[in-house]
Amino acid sequence: MVNEVKKSEKEIHDSIMSLIKEWHEVKFSKKDFKPGETYVNYSGRVFDEKELLNLIDSSLEFWLTGGKYDNEFCEGLSKYLGVKHALTVNSGSSANLLAFSALTAPELDRINKRIIPGDEFITVAASFPTTVNPAIQFGLTPVFLDIELGTYNIDINKLEEAISEKTKLIMIAHTLGNPFNIDEVMKVAKKHNLWVIEDTCDALGSTYDGKLCGTIGDIGTLSFYPAHQITMGEGGAVVTNNSILKMYLNSFRDWGRDCWCPSGKDNTCGKRFGWELGSLPPGYDHKYIYSHIGYNLKITDMQAAIGLAQLDKLESFISARKRNHKAIYDALKPFENFLILHEATKKSDPCWFGFMIYVKPEAPFSKQDFVLYLEENKIATRNLFAGNILRQPAYAALKHRIVGDLKNTDLTMNNAFWVGVYPGIDDNRRNYMIDHLVKFCKKHIT
Ligand SMILES: Cc1ncc(COP(=O)(O)O)c(C=O)c1O
């Protein structure tokens, strides 16, 4: 009889990992670009074997819910951003929901800053839906401001005028990675005792006056959907330096519970059966005491495992995005008579999400002509968010206020589009895209 030698855990793990490396090589390493055949996407996952190895390692551990990879990811993210707290969630939309919900915590009555239905919040109409949806669903009235052409960020001159005695919050995104004037926003917020949520879903790595976006307001939100600076497939995070808000964020994310034990741990507070809260019986298990009306917005450790490998690549991703944006900018500069190019907000250094191209009304071609030409040539184009969100069917009956007008928002919706700058756009793809951008403009102006 053959004497079977059982392999150790480590041996099996090592051989799976070496197979994964082989798999990555065979399945993903070829990045051939065939001009006119390969689609130049606006964004996408950029990864190597490390993401796959982490994902498989995490799945073999089979912890499933947030665990060691989640902890490491949160530590790495807070270190990179220089913030006290980072909590992962299952999407950027969930990050916005969570950030907003934390500001509705009843405890905030104590400092007269609790958000309640009927309050107002200030935002822009050129918005991603889930930047504004949480506050709308909670019963707040949105107050919409216009944007500037070129930066596509809030027209800051109207901010002060938008404030009423009901205003509690300013919640806007750093559009396509381009920081809005956060210094002015913070100045106004401080003066009027308002909360600021920075939707940084498109702007991880962008700075305003040397400060990283997402870390300046009360709470910053991030998305790790594949289109974004780093990805987990689906995922997001909230970041804050406010340790009180962090407690509410934790609670709202984890079903609204009062207990702060991480998954798989009990009695972190040391008095699990010693609490007396609400009108519950004394000693009711703290794990089942709910101090907020919350959700479950957590991620799995497998998502965090992918995110951790991505975090190591963030600096190189940021450089690639900046490089691609600059190359498109330089190539289109001669056509400024007909185009408004994508400009960084003053004092900012954006980690760009895309390159916005605005076709001026006097141009001998329309946005639609440009978009169709690019798409026919397999170059992906996208619109800015929802355009003027008030023109979307879902928002038609929405109670709102507009301060000033939304002229630039409408102009942007009608005349602007964007193309990709993500790190997957290598030299060949970038040169191909730029050749076509230039070719199209030249064809129409000579
Ligand atoms: C500005 C902004 N906020 C929020 C989100 C939502 O992120 P997610 O798709 O992860 O829910 C997006 C998505 O692209 C976004 O661009």
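Residues numbered from 1 in each chain as written. Predicted model: local features only at pLDDT ≥ 70, side-chain atom pairs only at ≥ 80, totals over all residues. Heavy atoms only, no water.

Thoughts on the overall build of the protein chain
Along the protein chain, the regular secondary structure elements total 12 helices and 14 strands. The C-alpha radius of gyration computed for the protein chain amounts to 24 Å, which stays within 12% of the reference 22 Å derived for 446 residues, consistent with globular compactness. Counting across all 446 residues of the protein chain, residues that qualify as buried make up 54%. Taking all contacts inside the protein chain whose residues are at least 6 apart in sequence as the whole, residues at least 24 apart take part in 73%. Approximately 20,700 Å² of the protein chain is accessible, and the part contributed by carbon and sulfur atoms is 53%. (Helix = DSSP H or I, 4+ residues; strand = E, 2+ residues; numbered from the N terminus. Rg over C-alpha atoms; globule rule 2.2 N^0.38 Å. Buried < 20%, exposed > 50% of the residue type's maximum accessible area, 1.4 Å probe, protein only. Contact = heavy atoms within 4.5 Å. Areas by Shrake-Rupley, 256 points an atom, 1.4 Å probe, with all protein chains shown as cover.)

With respect to the nonpolar core
Residues L103, F121, L169, I219 and V238 are the most contacted members of the largest nonpolar core, which totals 36 residues. Within the residue set of this core, elements represented by two or more residues are β1 (85-89), α4 (92-102), α5 (129-138), β4 (167-173), β5 (195-199) and α7 (243-253). Tallying contributions element by element places α4 first for this core, with 6 residues. When residues of this core are assigned to domains, at least three fall in each of domain 1 (56-311) and domain 2 (314-445). Ignoring anything within four residues of it in the chain, the contact list for I219 reads A99, A102, L103, V196, I197, E198, G214, V238, V239, T240, L245 and L249. Membership of the second largest hydrophobic core comes to 35 residues, among which are I170, L384, F385 and A416. (Core = buried A, V, L, I, M, F, W, Y, C linked by side-chain atoms within 4.5 Å. Domains from an automatic or database assignment.)

Here we look at the packing of helix α1 (residues 9-28) against helix α2 (residues 49-61)
Packing of α1 against α2 leaves a shortest axis separation of 10 Å and a crossing angle of 140°. The element α1 and its partner α2 pack so that their crossing is right-handed. Together, H13, I16, M17, I20, K21, W23, H24 and F28 of α1 and E49, L52, L53, I56, D57 and L60 of α2 make up the contact between the two elements. Residues of the contact of α1 with α2, tallied by class, amount to 9 nonpolar, 2 polar and 3 charged. (Axes fitted to C-alpha atoms, helices over the stretch in contact; angles between N-to-C directions. Left-handed = near helix turned anticlockwise from the far one by under 90°. Nonpolar A, V, L, I, M, F, W, Y, C, P; charged D, E, K, R; others polar.)

Topic: a nonpolar patch on the surface
On the surface, W255, L280, Y284, Y288 and Y290 cluster together into a nonpolar patch covering about 530 Å² of accessible area. Residue position: Y290 is located in the loop between α7 and α8 (301-311). (Patch = residues over 30% accessible without salt bridge, like charges linked within 9 Å, V, L, I, M, F, W, Y side chains within 5 Å. Salt bridge = Lys/Arg side-chain N within 4 Å of Asp/Glu carboxyl O.)

Details of the pairing of strand β3 (residues 141-145)
Judged by how many residues are buried, β3 sits mostly within the fold: 5 of 5 residues are covered. Burial of the side chains of β3 extends over both faces: T141, V143 and L145 are buried on one face and P142 and F144 on the other. For the segment spanning strand β2 (residues 120-124), α5 and β3, crossover handedness is right-handed. Judged from the 2 bridges that link them, β3 and strand β13 (residues 401-402) form a sheet pairing that is parallel. Looking at β13, one finds that V143 is bridged to R401. (Right-handed = clockwise from strand over helix to strand, strands pointing away. Pairing = 2+ DSSP bridges.)

Description of helix α3 (residues 68-81)
Given a rise of 1.5 Å per residue, 14 residues ought to cover 20 Å, and the 20 Å separating the end C-alpha atoms of α3 matches this to within 8%. Along α3, the residues that are buried comprise Y69, D70, F73, C74, L77, S78 and L81. Summarising the axial view, the buried residues of α3 lie within an arc of 160°, below the 170-degree limit, and thus occupy one face. Seen from the buried face of α3, the exposed residues on the opposite side, beyond 90 degrees, are N71, E75 and K79. As for α3, its buried residues are in contact with α2, β1, β7 (211-212), β8 (219-223), β9 (236-240) and α8. Phi for G82, located one or two positions after α3, is positive at around 70°. (Expected span 1.5 Å × (residues − 1). Arc of directions from axis to C-beta.)

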